[in-house]
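The lines below spell out each chain.
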Amino acid sequence: MSGKFLTRVCLAGMLLLAIAIAHTAQAQISPGALARPHQSIDGPTNCTKCHTQSLRERSFRCTECHREIAAELDQHRGLHSTYPKAGKPGEACVKCHSDHNGENFALLHWDPTPKGFDHTKTGYMLDGKHVSVNCRQCHQAKNIPASSRGFLAQPQKDFSQTYMGLSTQCATCHEDKHQGRLGPNCAQCHSTSDWKNTRIDEKNFDHSKTHYPLTGLHRDVACEKCHTAGADGQARYFGLPFSTCATCHADPHKGEFKQDCAACHTTSTWKRSGFQSTFDHSKTNFPLLGKHQEVGCVACHKSADFKVPIPYKLCSDCHKDPHSGQFAKRADGGMCEGCHTVNGWKPTTFTVADHARTKFPLVTPHAKLECFACHKPAGERTVYKMAFANCLDCHEDEHKGQFAAAPWQNKCDKCHTGATWKTSNYTIATHQKSAYPLTGAHQAVACNDCHKPMAGSPVALYHFKTTECTTCHEDIHHGEFVSRMAMLAPDHKPLGCAACHQTKDWHDMTRFDHSTTKFALDGSHRAVLCIDCHKPPNLERTMLHVNFADAPVACNECHENPHADQFAERALKCVECHNTNKWKPSLFDHEKTGFSLKGGHEHVACGACHQLKREVNGDQVLFYKPTPKACEACHSNGVPKPTTPGF
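Residues numbered from 1 in each chain as written. Predicted model: local features only at pLDDT ≥ 70, side-chain atom pairs only at ≥ 80, totals over all residues. Heavy atoms only, no water.

**A closer look at the overall build of the chain**
And step 1. Assigned secondary structure in the chain consists of 17 helices and two strands.
And step 2. Pairs at least 24 residues apart make up 40% of the contacts formed inside the chain by residues separated by at least 6 positions.
And step 3. For the chain, the accessible area works out to roughly 50,200 Å², and carbon and sulfur atoms hold 59% of it. (Helix = DSSP H or I, 4+ residues; strand = E, 2+ residues; numbered from the N terminus. Contact = heavy atoms within 4.5 Å. Areas by Shrake-Rupley, 256 points an atom, 1.4 Å probe, with all protein chains shown as cover.)

Here you go:
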């Protein structure tokens, strides 16, 4: 009986030992709960999905799931390919992406911030206009091509959150305005500095490789003259008709000649005809010179009787005076030869030097104008003696009377010169003497960014009723800070937006003192980003439509209550145990409870006694009550008896 009893005792002990070892082993297999993205593979049976089955080699199987990373590493491209890859597979991954730290642990830490991130390491350098583009303007789901989505889908990715998968082709983010007609290489004509400033090398373009080689004067014709816009408003480079001259050129002969144009003309010069007449007009009293050579015979010989004499000594014998006798009082009696030749009615031989002898000498840019720009063609009513004392005699007042009053009095030359109308004499130095001196970033703003048509008017505005920021800028706060903006500056003018912002950098908020609000920032709150508390509506990513007054002020409005409802009326009094400097360690005073920690308990970790956990809404919550107070609840009651004499 004694032997059987001992055997049973040994078996029971071995069973208890096995259970204890199994419980300890399970705790050692998983050092902690996986983060939320890996929750689908949490549990001791899924260990080999991430870890290799080896006791000697410490390696991980990260790239077996994250195939998009594996593809970048294999092709030696992308950000991850720039990091050191020494060690076993996956060893480099866990240096940045540590797991088993709890469900709410962030696997991805962005360090440095997106603003300080060196995009060159990804293999695509940001330059030109790309430097100022927000990351998410490019990195968004619609820009990820189908070829990349297959890699990103395993494990399941939120395409709106990932930074992976984009192509470096321009068409990834930009619409191809040419609809594929000019190929995918946008950089051959455009740059990131200025999209509109193209680098089309028209002179070196080999048109001979096309269906229509350019010869003669065709080589000097501007591209857009032939490559006109199609139905889509874009220049056409295919399908243009060119079989006959009449496709582009009007027939000056009105169908008089039935043969092809090339029978008499070449592309070298249209004016010189290859037609050889059997009649030599130079042997008559009126040799045909200049334009007269191009006139058809019947245009002068109307009766077709070449023996009838035709008057020819005066231009007016054939041509009507288009000026209606305005030049009849000139010394030459208004002879046409004074301004015109037989080589062409236009241009006139009346030069700028001739005009200088009039009461209105021409200076640049007037000297470059065609005569009809001022002397508006109106047939016999065309006026050549004009009023010219003021600019407005010829030019329309584009400012619609904004400068009619003193000190300008519509004197255009105070801002403009005769050399160029577009370049103004009104400099920044002059602007500094106005009612609105330019400061900060305003000095770099183009004039027409502020002085532009407003309120449906087609006229650019130069005199503003008010110079407040909201004249040009939208009040994105919708009057929320009207009282703060009404505070007076040292010059006794309302501060406006300058109460918080400054013209040097709109994002510089150093003027804003959060302590003047109902929630002063102290402790760790000083390091929190504004957007973390001032949440944008509708899941927006900017703070354009944030209502700052609605920001939460109670702890539970921003922070999750990790204690569930076990503290009842004290649940919202976080400050009794915590402060804003640091959440841990707690400030809780254990001496106010029924169990003093003086003595040996003083340095015992909280978790050594408070181990009771309960599931609340699917989460394991540590409960501080009830916690046993009796010694034997935590300590063994098998205290050894003293063996030393006298004890």
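On we go from here.
**Observations regarding helix α3 (residues 67-75)**
And step 1. Of the positions making up α3, those classed as buried are Glu 68, Ile 69, Ala 70, Ala 71 and Glu 72.
And step 2. At the exit of α3 stands His 76, carrying a positive phi of roughly 55°. (Buried < 20%, exposed > 50% of the residue type's maximum accessible area, 1.4 Å probe, protein only.)

**Points about the environment of Gln 432**
And step 1. The residue Gln 432 is located in the loop between α11 (428-431) and α12 (447-450) in this model.
And step 2. In this structure Gln 432 comes out as partly exposed when scored by relative accessible area, which is 30%.
And step 3. On a C-alpha basis, the gap between Gln 432 and Gln 443 in space is 9.8 Å, while along the polypeptide they are eleven residues apart.
And step 4. If we ignore the near neighbours within four places in the chain, the residues touching Gln 432 are Pro 437, Leu 438 and Gln 443.

**Let's talk about the nonpolar core**
And step 1. Judged by nonpolar contacts, Ile 69, Ile 144, Leu 152, Phe 159 and Met 164 together constitute the single largest core of five residues.
And step 2. Excluding anything up to four places from it in sequence, Leu 152 contacts Glu 68, Ile 144, Lys 157, Phe 159, Thr 162, Met 164 and Gly 165. (Core = buried A, V, L, I, M, F, W, Y, C linked by side-chain atoms within 4.5 Å.)

**Examining the pairing of strand β1 (residues 612-616)**
And step 1. Sheet topology note: the β1/strand β2 (residues 619-623) ladder contains five bridges and is antiparallel. Bridged to Lys 613 within β2 is Leu 622.
And step 2. Where β1 hands over to β2, the hairpin turn is made up of two residues, of which Asn 617 adopts a positive phi near 55°. (Pairing = 2+ DSSP bridges.)

**Regarding unusual backbone geometry**
And step 1. Cis peptide bonds are those with omega within 30 degrees of zero, and the linkage from Ala 406 to Pro 407 qualifies with 5°.
And step 2. Structurally, Pro 407 is set in the loop between α10 (371-374) and α11.
And step 3. In this structure, His 492 is a non-glycine residue whose phi angle is positive, near 65°.
And step 4. For His 492, the location among the structural elements is in the loop between α13 (482-485) and α14 (530-533).

Interpretation in functional terms is not warranted from these geometric data alone.
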